[in-house]
Amino acid sequence: MLRTMLDEYGVDHIEITMQTRFTEDLELESIDLVALAGSLEARYGQHVNFAEFVADLELDEIIDLSVGRLVHHVVRTLRAAEGGS
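Note that the structure is predicted; figures quoted are calculated from it, not measured.

Notes on unusual backbone geometry
Part 1 of the argument: One non-glycine residue, Glu-27, adopts positive backbone phi at about 55 degrees.
Part 2 of the argument: Along the polypeptide, Glu-27 turns up in the loop between α1 (2-8) and α2 (30-44).
Part 3 of the argument: Overall, the relative accessible area of 64% leaves Glu-27 in the exposed class.

Given below as structure tokens:
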């Protein structure tokens, strides 16, 4: 999902790891994160609420948000929705 978005922006040469930061490494802006939130909702429904996730973060945490932290949030919320651990 993220790779597709970056390809559309012409940023297909960057390696994405769990440590990759959206702002610093990928140079995404807040509007790009809104687009990513829409993609997450389209794929996973209301279970993965990006707005709710970032609402619990401090500004510096949002600025330093990594792919790994978002992945952990997605996995955690999907497991909770399934009634898992």
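Observations concerning the side chain of Asp-32
Part 1 of the argument: As for its placement among the helices and strands, Asp-32 is situated in helix α2.
Part 2 of the argument: With relative accessibility at 11%, the residue Asp-32 sits in the buried group.

Some details on the packing of aromatic side chains
Part 1 of the argument: Under the definition given, this model contains one aromatic pair.
Part 2 of the argument: Between the aromatic rings of Phe-50 and Phe-53, the centroid separation amounts to 6.2 Å while the plane-to-plane angle is 55 degrees, which identifies the pairing as tilted. A residue pair is termed a helical-turn pair when its members lie 3 or 4 positions apart in one helix, as Phe-50 and Phe-53 do in helix α3 (residues 50-55) at three residues. For the pair Phe-50 and Phe-53, one class covers both residues: buried.

Re the pattern of salt bridges
Part 1 of the argument: Inspection of the entire model under this criterion finds three salt bridges.
Part 2 of the argument: Linking Arg-21 and Asp-25 is a salt bridge whose minimum nitrogen-to-oxygen distance equals 3.3 Å.
Part 3 of the argument: Looking at Arg-21, the relative accessible area reads 27%, which means it is partly exposed.
Part 4 of the argument: Within this structure, Arg-21, Asp-25 and Asp-64 form a network of salt bridges that share partners.

Conventions and cut-offs
Residues numbered from 1 in each chain as written. Predicted model: local features only at pLDDT ≥ 70, side-chain atom pairs only at ≥ 80, totals over all residues. Heavy atoms only, no water. Helix = DSSP H or I, 4+ residues; strand = E, 2+ residues; numbered from the N terminus. Buried < 20%, exposed > 50% of the residue type's maximum accessible area, 1.4 Å probe, protein only. Phe/Tyr/Trp six-rings, centres within 6.5 Å; stacked < 30°, edge-to-face > 60°. Salt bridge = Lys/Arg side-chain N within 4 Å of Asp/Glu carboxyl O.

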